[in-house]
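Residues per chain, in single letters:
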Amino acid sequence: MRASHFPFPSHAMPTQLAALKQWVESVAGLTQPQAIHWCDGSDAENAKLIDLMLATGDLIKLNEKTHPNCYLHRSSPSDVARVEHLTFVCTSKEVDAGPNNHWMSPADAHAKMDALYAGCMRGRTMYVVPYCMGPIDSPLARCGVEITDSPYVVANMRIMTRMGAPALARIEREANFVRGLHSIGDLNPDRRFIMHFPEELAIQSFGSGYGGNALLGKKCHALRIASYQARNEGWLAEHMLIVGIENPKGETHYVAAAFPSACGKTNLAMLIPPEGYRRDGWKVWTVGDDICWMRPGSDGRLYAINPEAGYFGVAPGTSAKTNPNALAMLNKDAIFTNVGVTADNQPWWEGLPEGVPVKDWQGRDYDKANGPAAHPNSRFTVSAVNCPSYTAHAEDAQGVPLSAIVFGGRRESLVPLVFEARDWTHGVLVGAAMASETTAAATGAVGVVRRDSMAMKPFAGYNFGDYFNHWLSFDKPGAKLPKVFHVNWFRKGSDGKFLWPGFGDNLRVLEWMLKRVGGDAGAVETPIGHIPKADDLNTAGLDLPAAVLDQLLAVDRAGWQAEMQAIGEYFAGYGERTPAPLAAEQQRIAASLS
Ligand code: GTP
Ligand code: SPV
Ligand code: MN
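Residues numbered from 1 in each chain as written. Chains lettered and ligands numbered in written order. Predicted model: local features only at pLDDT ≥ 70, side-chain atom pairs only at ≥ 80, totals over all residues. Heavy atoms only, no water.

Moving on to the packing of aromatic side chains. Taken as a whole and assessed by the stated rule, the structure comprises 22 aromatic pairs. For the ring pair F419 and W560, a centre distance of 6.2 Å and an interplane angle of 85° mean the geometry is edge-to-face. Separated by 141 residues along the polypeptide, F419 in strand 25 (residues 418–420) and W560 in helix 16 (residues 557–572) bring together distant segments of the chain. The pair formed by F419 and W560 is uniform in burial state, with each residue classed as buried. Sitting over the ring of F490, R410 keeps its end group 4.1 Å from the ring centre. (Phe/Tyr/Trp six-rings, centres within 6.5 Å; stacked < 30°, edge-to-face > 60°. Helix = DSSP H or I, 4+ residues; strand = E, 2+ residues; numbered from the N terminus. Buried < 20%, exposed > 50% of the residue type's maximum accessible area, 1.4 Å probe, protein only. Lys NZ or Arg CZ within 6 Å of the ring centre and 35° of its normal.)

Written as structure tokens, this is what we have:
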């Protein structure tokens, strides 16, 4: 048993908020920690936690010269990704969770979790982590408190959220917060559950220390619980990056984009313009890379905030060629999870052109026969302000106005590089109909195409039928909604290689979109939407054969007929909750393809 480093007598809790004190006391009664520590978010507190984790082996110090204040965490080998089959939405009525979620009754879920939590923190310190999702003074922000027995979770929450004293002050003012209870338990995958109680604004997680399962402010609160709250309150909580594109005239347009896990959000959010664009004065500003909360402003436009304060990004594939901004922000003050290390103790992952791994993510001597040095879902955690393309507009209390919403998936065939929806209803269909190949971000098979509406299949806290209806409801008199687009950076040729260069060159596609918003770019109308003609895209300086560009912009009618039929069947799966306008839109498009 570890000694307690933070004894804290419960009668001396640093809050007067009765609801919070009572909840912390009741959790302590159930879990029986040796000590309770209320996190204030200070540097001194963080330094103590880091020292504690270095002593226990939870963290390993990386090369101080090349990576000052950077640490490596090696998780349990069976705890490396989100676990969708163990993630539940526990509404009183099953139909409210929808076929898109696993459901358990609140009573059954509470009984199961109470049994797991009983005495689970004996000999451990219980940390109470007040946090705010969004700028601390923003009316769009929302607060929560996570109780956890994992110092690794505390250190990550400190980077990913506004954590500590200012958040506690706001919680005391509002007397309203999401209650998140987390214990790593014994990390046994058979005793692992991630439960959501949207009607109680509560989350209970047991048996995993991994990001989306354990950093409860992120997917559990900012998407599952928040999407439920957002529906009741008239806003949207989405799995989207937010990026600002500054043109040579100095005008910045903000774009939000929903791609499924490990499908390019962090990369698009931090894009570096191709050389010709840089010379002309284009700049890209990062507001957020994973989650977007948005609501209509008084002028009818949608305004967006990033509820997070840091990035929990995919390490493999990050290089000076693909994402130089991300690489630059990882030189200091970062936590790496499940990457390999070089002989001089620098972090290493597949896709880095330099460096040789000597230890793999499990700490074994690196041997190709054991697979990659870094786990395919290895991650970095780093503060947003570390990113060279960070913009102070990420702190705007009212959010940034959106000019475009982009949906996208990982589809090696069929889906063109880009198309534009005709109107909002068509845009909602495009988002709802999205499909993508599965990735290593969740346990299970990789590369299987599945429907992933708005990239929210694993994250919507309620029935997708109601969710599509909520999306449609934003189209009302006076609304000045963003234009909606769909992209696919992942088309492959017969040789199995990507057809589109991607990364920085994706700005060429964004430029076309923003010109469409301004009304000065061409397109052809097709049954699936407006698609640029080859000349409508700026391909100057690109080594892209005309035949490949044609292939990227072509609509395969027979393929789309089959796709539209599958989409119709998918919508039918939501029964009477499928909005009629969406079903009608699907039928219109199917008919125009035949
Ligand atoms: P989550 O954090 O899981 O939500 O992922 P994400 O959507 O932020 O994905 P990320 O940007 O981390 O990219 C995931 C993987 O896709 C990385 O290995 C990237 O290198 C790769 N990737 C990103 N953008 C592109 C692109 O434009 N083209 C290609 N071919 N690969 C890309
Ligand atoms: C994702 O899987 O979409 C992520 C990582 O962004 S996690 O925080 O684990 O959800
Ligand atoms: Mn994500």
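On to the site of ligand 1. In the vicinity of ligand 1 lie 22 residues, with A262, K265, T266, N267 and R379 positioned nearest. At 2.9 Å, a backbone N or O of G264 approaches an oxygen atom of ligand 1. Contact distances for ligand 1 include 2.7 Å between an oxygen atom and a side-chain N or O atom of K265. Here ligand 1 has 650 Å² of accessible area as a free molecule, and 92% of this is covered by the chains. Judged by the fraction of its atoms near the pocket grid, ligand 1 is located in the largest pocket. Those elements that place two or more of their residues in the shell around ligand 1 are helix 9 (265–269) and strand 18 (310–314). For the shell around ligand 1, the element with the highest residue contribution is helix 9, accounting for three residues. Looking at side-chain class alone, the shell around ligand 1 contains 10 nonpolar, eight polar and four charged residues. (Near = heavy atom within 4 Å. Polar contact = N/O pair within 3.5 Å; in protein donor to acceptor, adjacent residues only side chain to side chain. Areas by Shrake-Rupley, 256 points an atom, 1.4 Å probe, with all protein chains shown as cover. 1 Å grid on protein atoms, 1.4 Å probe; cavity = no way out; pocket = protein on both sides within 12 Å on 5 of 7 lines; lining within 4 Å. Sits in = over half its atoms within 2 Å of the grid points. Nonpolar A, V, L, I, M, F, W, Y, C, P; charged D, E, K, R; others polar.)

This next bit is on the UniProt feature "binding site: GTP" (unreviewed entry) in the chain. UniProt records the feature "binding site: GTP" (unreviewed entry) at A262, C263, G264, K265, T266, N267, R379, R410, F503, G504, D505 and N506, using the numbering of this structure. These annotated residues cover 245 residues of sequence, and their C-alpha atoms sit far apart, with the largest distance between any two at 24.2 Å. When only the residues just named are considered, the largest pocket is lined by A262, C263, G264, K265, T266, N267, R379, R410, F503 and N506. Tracing the backbone through its elements, the reader meets A262 in the loop between strand 14 (252–258) and helix 9. Since its relative accessible area comes to 25%, A262 is described here as partly exposed. For G264, the position within the fold is in the loop between strand 14 and helix 9. (UniProt positions renumbered as here; feature names shortened; annotations may be inferred.)

Right, let's talk about helix 15 (residues 546–553) for a bit. Listed in full, the buried residues belonging to helix 15 are V548, L549, L552 and L553. All buried residues of helix 15 project into a common sector of 130° when viewed along the axis, lining one side. In helix 15, those exposed residues whose orientation departs by more than 90 degrees from the buried face are A546 and A547. Close packing links the buried residues of helix 15 with strand 30 (529–531). (Arc of directions from axis to C-beta. Contact = heavy atoms within 4.5 Å.)

Contact pair helix 12 (residues 424–432) / helix 13 (residues 464–472): the axes reach a minimum separation of 9 Å and the direction vectors enclose 150°. By the criterion of interaxial angle, the relationship of helix 12 to helix 13 is roughly antiparallel. The two elements helix 12 and helix 13 meet at a crossing, and its hand is right-handed. In contact with W424, T425, V428 and A432 of helix 12, helix 13 contributes F468, W471 and L472. Of the residues belonging to the contact of helix 12 with helix 13, the class tally is six nonpolar, one polar and no charged. (Axes fitted to C-alpha atoms, helices over the stretch in contact; angles between N-to-C directions. Parallel < 35°, antiparallel > 145°, perpendicular 65-115°, else oblique. Left-handed = near helix turned anticlockwise from the far one by under 90°.)

Glancing now at the pattern of salt bridges. In the structure shown here, the tally under the stated rule is 29 salt bridges. Measuring nitrogen to oxygen at the nearest pair gives 2.7 Å for the salt bridge that ties D149 to R124. Placement of the pair is D149 in the loop between strand 7 (142–148) and helix 5 (151–160) and R124 in the loop between helix 4 (106–117) and strand 6 (125–133), with a sequence separation of 25 residues. Overall, D149 belongs to the buried group, its relative accessible area being 2%. One salt bridge connects D365 with K359, and the closest N-O pair in it is separated by 2.7 Å. On the basis of relative accessibility, which here comes to 54%, the residue D365 falls in the exposed class. For K359, a relative accessible area of 29% translates into the label partly exposed. One connected set of salt bridges, linked through shared partners, spans K218, K219, K265, D290 and E308. (Salt bridge = Lys/Arg side-chain N within 4 Å of Asp/Glu carboxyl O.)

Domain assignment breaks the chain into domain 1 (18–59 + 80–233), domain 2 (238–309 + 392–593) and domain 3 (311–386). Centre-to-centre, using C-alpha coordinates, domain 1 lies 31 Å away from domain 2. Taken together, the contact between domain 1 and domain 2 spans 40 residues of the former and 37 residues of the latter. Carbon and sulfur atoms supply 53% of the area that domain 1 and domain 2 bury against each other, a total of about 3,300 Å² over both sides. Of all residues in domain 1, N100, L140 and R231 give up the largest surface area on contact with domain 2, accounting jointly for 22% of the area buried on that side. Inspection of the domain 1/domain 2 interface yields 24 residue pairs in polar contact (both at pLDDT 80 or more). Sorting the residues of the side of domain 1 that touches domain 2 by element identifies helix 3 (94–97), strand 6, helix 5 and helix 8 (217–233) as the ones contributing at least two each. Considering every element that reaches the side of domain 1 that touches domain 2, the biggest residue donor is helix 8, with 11 residues. A breakdown of the residues in the side of domain 1 that touches domain 2 according to their chemical character gives 21 nonpolar, nine polar and 10 charged. (Domains from an automatic or database assignment. Buried area = accessible area lost by both parts, 1.4 Å probe.)

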